[in-house]
Amino acid sequence: MRPTPTAASNRCSTQFYIRDWGAAPWSGLDNYRMSVDFDAPVGKALLHSFFVTVGFTLLSVGLCWLLGTAAAVCMQDTFRGRGLLRALFLVPYALPVYAAVITWVFMFQHDNGLVNHVLHDQLHLTDKPSFWLIGDNSFWALLTVSVWKGWPFAFLIVMAGLQNIPRELYEAAALDGAGMRQQIRRITLPSLRPVNQVLVLVLFLWTFNDFNTPYVLFGKAAPEAADLISVHIYQASFVTWNFGTGSAMSVLLLLFLLVVTGGYLLLTSRGRRASDV
């Protein structure tokens, strides 16, 4: 027998009307009110997922940019094997997401995974093998995979940007007695500012909306410590069948990304005009 929907479910979801969605009652803004009611379970869970996603995104984007920039700067000088090393750096980015992440799933296994074998059996850094795909460690496992497959993109973009910096600037700076740190600070980073502005924005949007990585790594039910907002919306929409609530969360996510993107572009454009004056 088909279950009888409660009054709350009539207003805030369509899970009882999947076979006849046209008969679902109009809920108005109830789904949005439920999503932003942070004292209620639904809003509280969404707020927790939002904070997890923000922390994860900031760490992932920062590490990807740092590793990519450092590798690109090191690859500027000519040496034997530079082409092969550049190609190897791009392998994580070139691999299909499923193939790359499922490899990490095997590596993070508790009993026979490579990560525990190295950290516990060989280096003896842990007292016992760790669970990487459940509990608090799941956040760091997700961050590791995200940085591993994301930093080659930053490396590729920064390396392309470095090609536009005249070598004469570095030669003149070296003649004036500037060391490597001063050259990077005074020449490399200012010259890469337009490239970095676009790179950081693209990395932020990709990472904040990333669904494939946590889904392949954890499945439909991500641990609480790694409950990214993309998976949270998926669970609300396609696991619990609360399509109305999931749609409201998606719209709120879109509005948040539009506001952040607009604010970021406004700040960077003002900074660019100030530097040009």
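Residues numbered from 1 in each chain as written. Predicted model: local features only at pLDDT ≥ 70, side-chain atom pairs only at ≥ 80, totals over all residues. Heavy atoms only, no water.

### Remarks on the environment of Val91
Now for step 1: Checked against the element boundaries, Val91 lands in helix α5 (residues 91-94).
Now for step 2: In this structure, the C-alpha to C-alpha distance between Val91 and Pro152, residues 61 residues apart in sequence, is 7.9 Å. (Helix = DSSP H or I, 4+ residues; strand = E, 2+ residues; numbered from the N terminus.)

### Brief notes about the layout of surface pockets
Now for step 1: The computed volume of the largest pocket comes to approximately 350 Å³.
Now for step 2: Together, 20 residues line the largest pocket, and Ser146, Lys149, Gly150, Trp206 and Asp210 are the ones closest to its centre.
Now for step 3: Listing elements by their share of the lining of the largest pocket, those giving two or more residues are α3 (41-74), α5, α6 (97-107), α8 (137-162) and α11 (193-208).
Now for step 4: Among the elements that take part in the lining of the largest pocket, α8 stands out by supplying 4 residues, more than any other.
Now for step 5: Here the residues of the lining of the largest pocket are counted per class, giving 12 nonpolar, 6 polar and 2 charged.
Now for step 6: In this structure, the second largest pocket occupies an estimated 210 Å³ of space.
Now for step 7: Considering every element that reaches the lining of the second largest pocket, the biggest residue donor is helix α10 (residues 180-191), with 4 residues.
Now for step 8: Class assignment for the residues of the lining of the second largest pocket results in 6 nonpolar, 3 polar and 2 charged. (1 Å grid on protein atoms, 1.4 Å probe; cavity = no way out; pocket = protein on both sides within 12 Å on 5 of 7 lines; lining within 4 Å. Points joined across faces, edges and corners; volume = space filled by probe spheres on them. Nonpolar A, V, L, I, M, F, W, Y, C, P; charged D, E, K, R; others polar.)

### So, the confidence of the model for the protein
Now for step 1: Scored by pLDDT, the protein comes out at a mean of 87, with 90% of its residues at no less than 70.
Now for step 2: Taken as a whole, residues 1-13 scores under 50 in pLDDT and shows 20 contacts with residues more than four places along the chain or in a different chain. (pLDDT = per-residue confidence, 0-100. Contact = heavy atoms within 4.5 Å.)

### Details of a nonpolar patch on the surface
Now for step 1: On the surface, a nonpolar cluster with roughly 460 Å² of combined accessible area is contributed by Leu59, Leu63, Leu66, Leu67 and Trp140.
Now for step 2: In terms of residues, the nonpolar patch owes the most to one element, α3, which gives 4 residues.
Now for step 3: Note on placement: Leu66 falls in helix α3.
Now for step 4: Exposure remark for Leu66: the relative accessible area of 48% places this residue in the partly exposed category. (Patch = residues over 30% accessible without salt bridge, like charges linked within 9 Å, V, L, I, M, F, W, Y side chains within 5 Å. Areas by Shrake-Rupley, 256 points an atom, 1.4 Å probe, with all protein chains shown as cover. Salt bridge = Lys/Arg side-chain N within 4 Å of Asp/Glu carboxyl O. Buried < 20%, exposed > 50% of the residue type's maximum accessible area, 1.4 Å probe, protein only.)

### Notes on the packing of α6 against α8
Now for step 1: One can describe the packing of α6 onto α8 by two numbers: an axis separation of 11 Å at closest approach and a directional angle of 140°. Classed by the angle they form, the pair α6 and α8 counts as oblique. Both α6 and α8 take part in a crossing whose hand is right-handed. The segment α6 lies against α8, with Ala100, Val101 and Trp104 engaging Thr144, Val145 and Trp148.
Now for step 2: Across the contact of α6 with α8, the residue classes tally to 5 nonpolar, 1 polar and no charged. (Axes fitted to C-alpha atoms, helices over the stretch in contact; angles between N-to-C directions. Parallel < 35°, antiparallel > 145°, perpendicular 65-115°, else oblique. Left-handed = near helix turned anticlockwise from the far one by under 90°.)

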